[in-house]
Amino acid sequence: MDAREKLQKDLQAAMKAGDAVKRETLRTLLTPLTNAEVEKKGALDEDDVVKLVQREAKKRREAIEAFTAGGRADRAE
């Protein structure tokens, strides 16, 4: 099972379990993954998926820091 399939199965499990936070997190991750696959016109290999996940996580951490520094704790959450 590749990383994309694993993320898809995790999304389905989160939807069945009613876990809104996990569901939205996985959707937020799968969207740029799908966009990258469309741009490449094919499936990404495991290394590309890992890099994409790391890049997206970094974006989220930076956004949290910026909102926290700006006094927007509600947006940081």
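Conventions adopted
Residues numbered from 1 in each chain as written. Predicted model: local features only at pLDDT ≥ 70, side-chain atom pairs only at ≥ 80, totals over all residues. Heavy atoms only, no water. Salt bridge = Lys/Arg side-chain N within 4 Å of Asp/Glu carboxyl O. Axes fitted to C-alpha atoms, helices over the stretch in contact; angles between N-to-C directions. Helix = DSSP H or I, 4+ residues; strand = E, 2+ residues; numbered from the N terminus. Parallel < 35°, antiparallel > 145°, perpendicular 65-115°, else oblique. Left-handed = near helix turned anticlockwise from the far one by under 90°. Contact = heavy atoms within 4.5 Å. 1 Å grid on protein atoms, 1.4 Å probe; cavity = no way out; pocket = protein on both sides within 12 Å on 5 of 7 lines; lining within 4 Å. Points joined across faces, edges and corners; volume = space filled by probe spheres on them. Expected span 1.5 Å × (residues − 1). Buried < 20%, exposed > 50% of the residue type's maximum accessible area, 1.4 Å probe, protein only. Arc of directions from axis to C-beta. Core = buried A, V, L, I, M, F, W, Y, C linked by side-chain atoms within 4.5 Å.

Student: How would you sum up the pattern of salt bridges? Please name residues and give values.
Tutor: In total, this model carries 8 salt bridges according to the counting rule given. Several salt bridges share partner residues, and in doing so they unite R23, E24 and R27 into one network.

Student: Requested: an account of the packing of helix α1 (residues 3-17) against helix α2 (residues 20-40), with residues and values cited.
Tutor: Running from N to C, α1 and α2 cross one another at 150°; their axes reach a closest spacing of 9 Å. Here α1 lies roughly antiparallel to α2, going by the angle between them. Of the two possible hands of crossing, α1 and α2 adopt the one that is left-handed. Two secondary-structure elements touch here, α1 through R4, L7, Q8, D10, L11, A14 and M15 and α2 through K22, R23, L26, R27, L29, L30, L33, T34 and E37.

Student: Describe in detail the layout of surface pockets, supporting the description with residues and values.
Tutor: As a volume, the largest pocket reaches approximately 480 Å³. As for the largest pocket, its lining consists of 16 residues, and the residues nearest its centre are T25, T28, E56, R60 and I64. Secondary-structure elements contributing two or more residues to the lining of the largest pocket are α1, α2, α3 (46-69) and α4 (73-76). The biggest single contributor to the lining of the largest pocket is α3, with 7 residues.

Student: Kindly report on α1, identifying the contributing residues and their values.
Tutor: Note on helix geometry: an α-helix contains 3.6 residues per turn, so any two residues three or four positions apart are oriented the same way. For α1, built from 15 residues, the straight-helix expectation of 21 Å at 1.5 Å per residue is met to within 8% by its first-to-last C-alpha distance of 21 Å. For α1, the complete set of buried residues consists of L7, L11 and A14. Buried residues of α1, seen end-on, are gathered within an arc of 65° and therefore sit on one face of the element. Exposed and facing more than 90 degrees away from the buried side of α1 are K16 and A17. Buried residues along α1 sit against α2. Note on α1: the residue one or two positions beyond its end, G18, has a positive phi of about 75°.

Student: Residues and numbers for the environment of V53, please.
Tutor: With respect to the helices, strands and loops of the structure, V53 is situated in helix α3. Taking C-alpha positions, V53 is 10 Å from T28, a pair spaced 25 residues apart along the chain.

Student: Talk me through the nonpolar core; I want residue IDs and the actual numbers.
Tutor: L7, L11, L26, L29, L30, L33, A36, L44, V49 and L52 form the largest nonpolar core, which has 10 residues in total. Counting residues per element, the ones that place at least two in this core are α1, α2 and α3. In terms of residue count, the dominant contributor to this core is α2 (5 residues). Setting aside its immediate chain neighbours within four residues, L26 contacts L7, D10 and L11.

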